[in-house]
Amino acid sequence: MDRKVDLNCDIGEGFGAYKLGFDEEIMPYISSANIACGFHAGDPICMRRTVRLAEAAGVGIGAHPGFPDLMGFGRREMIVSPHETRDYTELCIIWEPEMKNWLEQLLRQLWK
């Protein structure tokens, strides 16, 4: 029996002039990556760079969307409606076209 483990990592959490984490260094050791999509971490430049790093390393990508809690790094409780959740997720699609198909599939699953 062939067994496989998907070693996944949340990455791409830098923004602006701030680099957080060791994305380049961990990439050879993971099989999939959840890339921060802004609001709690990440920005369009960091997202694009991280998607390209993952593609070059043969690492699968997924989205790690967040809510607008940059100060709390997405760790604080927020009361949001389903429509607000959809709107924040749709903004991720606008910010990073390379992740659009994956995010659209996720939205379809969430809004069945």
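Asker: Before we go on, may I ask you to explain the environment of Y29 in this structure?
Answerer: Mapping Y29 onto the fold places it in the loop between α1 (23-26) and β2 (32-36). We classify Y29 as exposed; its relative accessible area is 62%. Taking C-alpha positions, Y29 is 9.6 Å from A57, a pair spaced 28 residues apart along the chain.

Asker: I would appreciate a short explanation of the nonpolar core in the present structure.
Answerer: Most often, soluble globular proteins have nonpolar side chains that are buried together. The biggest cluster of nonpolar side chains holds 12 residues, and these are C9, I11, M27, I30, A33, I35, C37, M47, V51, A54, V59 and A63. When contributions to this core are tallied by element, the ones reaching two or more residues are β1 (8-11), β2 and α2 (44-57). Among the elements that make up this core, the one with the highest residue count is α2 (three residues). Ignoring anything within four residues of it in the chain, the contact list for A54 reads M27, V59 and I61.

Asker: Explanation requested: the pattern of salt bridges in the structure shown.
Answerer: It is possible for side chains of opposite charge to pair when their charged atoms get near one another. Applying the stated criterion across every chain yields a total of four salt bridges. A salt bridge links K19 to E24, with the shortest nitrogen-to-oxygen separation between them at 3.3 Å. D23 is paired through a salt bridge with R49; the nearest N and O atoms lie 3.9 Å apart. Of this pair, D23 sits in helix α1 while R49 sits in helix α2, and the two are 26 residues apart along the sequence. Overall, D23 belongs to the buried group, its relative accessible area being 4%. R49 gets classed as partly exposed once you look at its relative accessible area, which sits at 32%. Here the salt bridges do not stand alone but share partners, grouping K19, D23, E24 and R49 into one network.

Cut-offs and rules
Residues numbered from 1 in each chain as written. Predicted model: local features only at pLDDT ≥ 70, side-chain atom pairs only at ≥ 80, totals over all residues. Heavy atoms only, no water. Helix = DSSP H or I, 4+ residues; strand = E, 2+ residues; numbered from the N terminus. Buried < 20%, exposed > 50% of the residue type's maximum accessible area, 1.4 Å probe, protein only. Core = buried A, V, L, I, M, F, W, Y, C linked by side-chain atoms within 4.5 Å. Contact = heavy atoms within 4.5 Å. Salt bridge = Lys/Arg side-chain N within 4 Å of Asp/Glu carboxyl O.

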